[in-house]
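# Structural description and commentary
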Amino acid sequence: MEEVNLQLIKKLKKEQEELAGKLRLYDRLPVDSIKTVAGIDVTFTDIWSKKTTAVACITVLDIQNSFKTLETVFAEKEVDFPYIPTFLAYRELPVILEAYKKLKTVPDAFILDGMGILHPRKMGIASHFGVITDTVSVGCGKSKLTGEFQLPENKKFAYNPVFVDGEHRGYILRTKKNANPVFVSPGNNISVESSLKLVMKTVDRYKLPEPTRRAHNLLQEYRKNRGKR
């Protein structure tokens, strides 16, 4: 795998800034009308070999009907871009888009394991995906990428705003007592406030929103079975 040079990084930063100009951070749909939500997660196989393979899972749930699974798709794609903080989309988005093409269901919204506009250039993977596909997307990351905030109280659904350069871009949300909080922000076609509401609506008994938690678990199962082929 070739190293990414500084000139390319400069080019990608410019591309992210141009994509950020296409963001629509207002509600395409009222949150209460959102019924189907797709969770997206990515894992990697063969990470110690010369050829690393990315595997994406998109699973669509009916959040108004006990989180019933409506459809699940997988895709695999060889990765030729290294992990570089703030450029996650260039590593994971190609395989996500391969899975997205397979969907027969049209979800009302997508939640991705990663950041939306809680990103130095407002172009985390959830925003990048949302702009490219023109869908309602939300980022829900497990660790801080950027921003200033105060930790929320140790109780379910306690939250505080996250600011980047003085701008309110998302929330730090504790989805479960005694669990580490998550970072929620809009990807595209949804507001900061509604992103928080949607994630809270999709939390069941666990720390992660049910769509991304389900996608993560399905990926682990897929990897096990893939090794038996």
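The structure this text deals with has already been given above.
What this report covers is the structure whose coordinates are included nearby. Per-chain numbering applies: the sequence of each chain, read as written, is numbered from 1 onward. Reporting in this predicted model follows two pLDDT cut-offs: at least 70 for local features of residues, and 80 or more for side-chain atom pairs to be given and counted; totals over whole chains, interfaces and linings ignore these cut-offs and use all residues. Excluded from the side-chain calculations are hydrogens and water; all other atoms, namely the structure's heavy atoms, are used.

## Concerning the pairing of strand β4 (residues 109-112)
Under the convention used in this document: Three labels apply to residues, based on accessible area from a 1.4 Å probe with only protein chains included: buried if under 20% of the type maximum, exposed if over 50%, partly exposed otherwise in between. Counting from the N terminus, the helices are DSSP H or I runs at least four residues long and the strands are E runs at least two residues long. We call two strands paired when DSSP finds no fewer than two bridges between them. When the strands point away from the viewer and the connection leading from the first strand across the helix to the second strand turns clockwise, the crossover is called right-handed.
Burial along β4 is two-sided: Ala-109 and Ile-111 and Phe-110 and Leu-112, pointing in opposite directions, are all buried. Relative to β4, strand β1 (residues 36-45) runs parallel, the two being bridged by four bridges. Bridged to Val-37 within β4 is Ala-109. In this fold, β4 hands off to helix α3 (residues 125-133), which returns the chain to strand β5 (residues 137-141); that crossover is right-handed.

## With respect to the sheet that holds β1
Quick reminder of the rule: Geometry is summarised by axes, namely lines fitted to C-alpha atoms with helices restricted to the contacting stretch, and by angles between N-to-C directions that run from 0 to 180 degrees.
The eight strands lie next to each other as β3-β2-β1-β4-β5-β8-β7-β6, forming an open sheet whose pairing is mixed. One side of each edge strand has no neighbouring strand; the edge strands of this open sheet are β3 (68-79) and β6 (158-164). Recorded for the sheet is a direction-independent mean angle of 25 degrees between the axes of neighbouring strands. Relative to β3, strand β2 (residues 52-62) runs antiparallel, the two being bridged by eleven bridges. Bridge pairing in β3 links Val-55 to Glu-76.

## Some words on the nonpolar core
Applicable threshold: We call a set of buried Ala, Val, Leu, Ile, Met, Phe, Trp, Tyr and Cys residues a nonpolar core when their side-chain atoms join them within 4.5 Å. The contact criterion used throughout is that any non-hydrogen atoms of two residues lie within 4.5 Å.
Core analysis: the largest hydrophobic core is formed by 28 residues, its most contacted members being Val-138, Val-184, Leu-198 and Val-199. Among the secondary structure elements, those contributing two or more residues to this core are α1 (6-20), β4, β5, β7 (167-174), β8 (182-188) and α4 (192-201). Counting residues per element, this core draws most heavily on α4, at four residues. The residues contacting Leu-198, other than those within four sequence positions of it, are Val-31, Ile-34, Val-37, Ile-63, Ala-109, Val-138 and Ile-190. Listed in part, the 22 residues of the second largest apolar core include Phe-44, Ala-75, Leu-112 and Ala-126.

## Examining the side chain of His-128
Mapped onto the fold, His-128 is located in helix α3. Aside from chain neighbours lying at most four places away, what touches His-128 is Glu-15, Leu-19, Ala-89, Tyr-90, Leu-93 and Met-123.

## Quick look at the layout of surface pockets
As a reminder of what qualifies: Grid spacing is 1 Å over the protein atoms alone, the probe is 1.4 Å, and a cavity is where that probe fits but cannot get out, while a pocket is an open set with protein on both sides within 12 Å along at least five of seven lines and lining residues have an atom within 4 Å of a point. Grid points are joined across faces, edges and corners, and a volume is the space filled by probe spheres set on the points.
Volume-wise, the largest pocket comes out at about 460 Å³. Lining the largest pocket are 23 residues; nearest its centre among them are Tyr-83, Leu-88, Asp-113, Gly-114 and Ser-143. Within the residue set of the lining of the largest pocket, elements represented by two or more residues are β1 and α2 (89-102).

## Overview of the packing of aromatic side chains
The relative placement of two aromatic rings is captured by the distance of their centres and the angle of their planes. Defined as follows: A pair of Phe, Tyr and Trp rings is counted when the ring centres sit within 6.5 Å of each other, with Trp represented by its six-membered ring. The angle between the planes then sorts it: under 30 degrees is stacked, over 60 is edge-to-face, the rest tilted. A ring is considered to have a charge above it if a Lys NZ or an Arg CZ atom is located within 6 Å of its centre and within 35 degrees of its normal.
Taken as a whole and judged by the stated rule, the model has eight aromatic pairs. Ring geometry for Tyr-100 and Phe-129: centres 5.6 Å apart, planes at 90 degrees, overall edge-to-face. Of the two residues, Tyr-100 sits in helix α2 while Phe-129 sits in helix α3, which places them 29 residues apart along the sequence. Classification of Tyr-100 as partly exposed rests on a relative accessible area of 27%. One aromatic cluster in this structure is built from Phe-81, Phe-87 and Tyr-90. Taking the ring centre of Phe-44 as reference, the NZ or CZ of Arg-91 above it sits at 4.3 Å.

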